[in-house]
Amino acid sequence: MRRRNPAAGLASRIGTGAVWLVVAADLLLVLWILLTSLRSGPDILHHAFGLPTSPQTDNYTTALDEGGFARAALNSLLTAGLSSVAAVVLAAPCAYALARRRSRTSSALTMTFAMGLGVPGQVLVVPLFVGLSRVSLTDSDLGLGLVYVGLAMPFTVFLLTGFFSGIPGVLEEAAVLDGAGPVRTFVQVVLPVARGGLVTAFLLQFITAWNETLFALVLTNSQGTITLPVALSSFVAAQQFNGLDFGTMFAGVCIILAPMIALFSWMGSRIIQGMTVGIGK
Amino acid sequence: MATTIDDPLRTGAPRGRSAPASRAGVGPLERQRRRMFWPFTAPALTVYAVLFIAPVGYALWTSLYKWDGMGAMDWRGPQNYILLFRDPRFRTSLVNTLELMVIGGTITFVLSFALTLVLREMRARLFARSVLFFPSLVNGMVFGIAAGFLFSPTGPVNQALKLFGVTTPPKWLSTDNLLPMVLGTLVWTATGYYTSIIMAAVDQIPDYLYEAAELDGAGPFQRFRHITLPCAWDVIAVCAVLWTVSSVKIFELILLYGGSTNAYPPVSSWNTAVYVYTEAFPQGTVPRLGTATAAAMASLVMVTLITVVLRRLLRREPVEY
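Here is what the cut-offs are and how they apply
Residues numbered from 1 in each chain as written. Chains lettered and ligands numbered in written order. Predicted model: local features only at pLDDT ≥ 70, side-chain atom pairs only at ≥ 80, totals over all residues. Heavy atoms only, no water. UniProt positions renumbered as here; feature names shortened; annotations may be inferred. Helix = DSSP H or I, 4+ residues; strand = E, 2+ residues; numbered from the N terminus. Rg over C-alpha atoms; globule rule 2.2 N^0.38 Å. Contact = heavy atoms within 4.5 Å. Areas by Shrake-Rupley, 256 points an atom, 1.4 Å probe, with all protein chains shown as cover. Lys, Arg positive; Asp, Glu negative; His and termini not counted. Charge placed at Lys NZ, Arg CZ, Asp CG, Glu CD. Buried < 20%, exposed > 50% of the residue type's maximum accessible area, 1.4 Å probe, protein only. Axes fitted to C-alpha atoms, helices over the stretch in contact; angles between N-to-C directions. Parallel < 35°, antiparallel > 145°, perpendicular 65-115°, else oblique. Left-handed = near helix turned anticlockwise from the far one by under 90°. Nonpolar A, V, L, I, M, F, W, Y, C, P; charged D, E, K, R; others polar. Phe/Tyr/Trp six-rings, centres within 6.5 Å; stacked < 30°, edge-to-face > 60°. Domains from an automatic or database assignment. Buried area = accessible area lost by both parts, 1.4 Å probe. Salt bridge = Lys/Arg side-chain N within 4 Å of Asp/Glu carboxyl O.

As annotated in an unreviewed UniProt entry, chain B is ABC transporter permease from Kitasatospora aureofaciens. For chain B, the Sequence similarities (unreviewed entry) comment in UniProt is given as "Belongs to the binding-protein-dependent transport system permease family." If you open the UniProt record of chain B and go to Subcellular location (unreviewed entry), you find "Cell membrane".

Per an unreviewed UniProt entry, chain A goes by the name Sugar ABC transporter permease and belongs to Kitasatospora aureofaciens. The heading Sequence similarities (unreviewed entry) in the UniProt record of chain A holds the text "Belongs to the binding-protein-dependent transport system permease family." The Subcellular location (unreviewed entry) field of the UniProt record for chain A holds the comment "Cell membrane".

### Structural notes on the overall build of chain B
Of regular secondary structure, chain B possesses 15 helices and 2 strands. What you see for chain B is a C-alpha radius of gyration of 26 Å, clearly larger than the 20 Å of a compact globule of 321 residues, by over 25%. Here the C-alpha coordinates of chain B stretch approximately 90 × 75 × 30 Å along the principal axes. Excluding contacts between residues fewer than 6 apart, the proportion of contacts in chain B whose partners are at least 24 apart in sequence is 66%. On chain B, roughly 15900 Å² of surface is accessible, and the fraction owed to carbon and sulfur atoms is 64%. Side-chain charges in chain B split into 27 positive and 19 negative, and the spacing between the mean points of these groups amounts to 6 Å.

### Looking at the overall build of chain A
Along its length, chain A carries 13 helices and 0 strands. If you list the helices and strands of chain A from N to C, you get α-α-α-α-α-α-α-α-α-α-α-α-α. In terms of overall dimensions, chain A is more spread out than a globule: its C-alpha atoms have a radius of gyration of 24 Å, far above the 19 Å expected for 281 residues. Its C-alpha atoms give chain A principal-axis dimensions of about 75 × 70 × 35 Å. Burial status across chain A gives 52% buried among its 281 residues. Contacts spanning at least 24 positions in sequence make up 74% of the contacts within chain A whose residues lie at least 6 apart. Counting 15 positive and 12 negative side-chain charges, chain A places the averaged centre of each group 21 Å from the other.

### Things to note about the packing of helix 7 (residues 141–165) of chain A against helix 3 (residues 28–62) of chain B
At a minimum axis separation of 9 Å, helix 7 of chain A and helix 3 of chain B run at an interaxial angle of 110°. When the axes of helix 7 of chain A and helix 3 of chain B are compared, the pair comes out roughly perpendicular. Where helix 7 of chain A crosses over helix 3 of chain B, the two elements pack in a sense that is left-handed. Facing Leu146, Val149, Gly150, Leu151, Met153 and Pro154 of chain A of helix 7 of chain A, the residues of helix 3 of chain B in contact are Ala44, Val47, Tyr48, Leu51 and Phe52 of chain B. Looking at the contact of helix 7 of chain A with helix 3 of chain B residue by residue, the class counts come to 10 nonpolar, 1 polar and no charged.

### Thoughts on the packing of aromatic side chains
Residue and element names in this part refer to chain B. This structure, assessed with the given rule, holds 36 aromatic pairs over all chains. Considering the side-chain rings of phenylalanine 109 and tyrosine 194, the 5.5 Å spacing of their centres and the 40° angle between planes classify their relative orientation as tilted. With phenylalanine 109 in helix 5 (residues 88–120) and tyrosine 194 in helix 9 (residues 178–202), this residue pair connects regions lying 85 residues apart in the sequence. Given the relative accessible area of 14%, phenylalanine 109 is considered buried. Under the relative-accessibility criterion, tyrosine 194 is labelled buried at 2%.

### Topic: the UniProt feature "transmembrane region" (unreviewed entry) in chain B
All names here are of chain B. Taking the UniProt record as the reference, the feature "transmembrane region" (unreviewed entry) is found at residues 37–61, 100–119, 131–151, 178–202, 231–257 and 289–310. Note that residues 37–61 is 100% helix and 0% strand, and that its end C-alpha atoms are spaced 32 Å apart. In the segment residues 289–310, helix accounts for 100% and strand for 0%; the C-alpha atoms at its two ends are 31 Å apart.

### A word on the UniProt feature "transmembrane region" (unreviewed entry) in chain A
Here the UniProt-annotated "transmembrane region" (unreviewed entry) positions come out as residues 12–35, 77–99, 111–130, 142–164, 185–208 and 249–267 of chain A. From the first C-alpha to the last, residues 12–35 of chain A spans 34 Å; its make-up is 100% helix and 0% strand.

### Section: the domain arrangement of chain B
The figure often quoted for interface size is the accessible area lost as the parts come together. Residue and element names in this part refer to chain B. If you check the domain split of chain B, you get domain 1 (2–62) and domain 2 (79–314). For domain 1 versus domain 2, the separation of C-alpha centres amounts to 40 Å. Interface area, domain 1 with domain 2, both sides summed: about 370 Å², of which 75% is carbon and sulfur. Looking at the side of domain 1 facing domain 2, the largest losses of area belong to Ala59, Leu60 and Thr62, adding up to 84% of the total buried there.

### Notes on the interface of chain A and chain B
In this complex, chain A contributes 97 residues to the contact, which on the side of chain B involves 89 residues. Interface area for chain A against chain B, summed over the two sides, is near 8100 Å², with a carbon-plus-sulfur share of 79%. In terms of surface lost to chain B, no three residues of chain A exceed Arg101, Gln122 and Val126 of chain A, which account for 9% of the buried area on that side. In this assembly, chain A and chain B are joined by 2 salt bridges. Considering every element that reaches the side of chain A that touches chain B, the biggest residue donor is helix 13 (residues 246–280) of chain A, with 16 residues. Residue composition of the side of chain A that touches chain B, grouped by class: 68 nonpolar, 19 polar and 10 charged.

### Describing the packing of helix 5 of chain B against helix 14 (residues 272–280) of chain B
Residues and elements named next belong to chain B. Interhelical geometry of helix 5 versus helix 14 gives an angle of 150° and a closest axis separation of 8 Å. Between helix 5 and helix 14, the angle is such that the two are roughly antiparallel. Listed contacts from helix 14 to Arg89, Phe90, Ser93, Leu94 and Thr97 of helix 5 are Thr272, Tyr275 and Glu279. Considered class by class, the residues forming the contact of helix 5 with helix 14 number 3 nonpolar, 3 polar and 2 charged.

This is how it looks when you write it as structure tokens:
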């Protein structure tokens, strides 16, 4: 049906080809990292793109024990998980109040939170380090978690305010007329409807915290507190003394990568939607 | 400020239950929303004030002193900022930050638009989009490490090039080439994300606009120029701001690029975030928290200015459809 000139048809065919090439490259890169993590170090240096002849999990045992990745993974999971829950619990009522109340104060506060989106972490890193060392919370996952909760506020409030604005107020009206107080209305009427948005906010915050590197490097340094990005970077740094052990390094990369792959294949559309539609509003 | 606006209404109304509902049209719901406002916002606001706003203020204050983090703070006033701009390492970092922002941004946006155009008419577009999006969920260090292996002198890329007869491949990871490599990786990982945002906006544009344009004989580029671009303009403006802000936050990608085993990457690839990190948390020397926070404040001012200018430049009358 569509009339097309041949040049445009060719251009779109080249474009489609290029897109598939990039898609294939992305997939192959991940696949290569996964396969390489199952091969021994010398083997990798010999043939960069070989299949694991006899898949071995030695790299993972080394990474988890000697590299300290086991403890780091646990620290990452706890810090990212708990701080994201705390961030959503704090931000949800605030975002709800901001979305429902139309006053000058409300829009001023919304603006204040939104302005935080533009502040790069490098501005906060020195003050937060100094402040936390005053209360002996450096080199502690509690301190790091607190920092993540603070850093999460602008985006989580921003995201959830947009989300709550999209929920019609009819239900609340009915609840209030029935005599429910504000807390009960929020917890029993609004939150169940908003569950999707809260899950998205949690997921996005978890992903951010899981990958966060600058504050983790500064605020954690002993074996018991470091998170995965710190473990990975100190493993890479240690290689100048121990010699290059690519197998273990790629096993470490896989440990940091695997939960993201799992989350993305499980709830990919929700993640993409949260990170794109929420932004455009 | 707020209470002065709210109070007359609240105190002016009698305490009784029946009267206030009629005054200024305030129903029970509105009254409840007003009452819940501060209790609901206070916890988040407190955390935000203590862990976010106060540190920004503290950074500004520290940037006026000479301080190693432990001893006494020596007043320096604006001197730190002058020292900063005399420091060639900071100037390099600043130029690199701008380079990543402007050049990286331009390439990413051109590619994202091209991808949006292609993906629009492609089969399995959602699958392709998902794969392209995924790198934005990956820690930047992973790409740095992978690149360090792939592009090493005897690494797979050079071996592959040898098969094509390239015997003197470029020195990918040499000090001079690090920044372009970082830039390339950045574009590679960011394009999928911005494509997804723009695609989400483009999907909202009703089909009849395109059909009408096609009937009028508009080619694909004219359709893009006269329909897609104006309709998605708001989102594009937001994306530009988002890019500006996030390009300044880049840190771990540079820190570990090429799997560098030194404490820090070479200065030629630093951006302001790496500069702040090395000034404030150096290995073996005394921390210079004054210049570190001055550098951080300088980049904050830079982001703010660029954001304000961008918003001005990109402001258009919204298109209704």
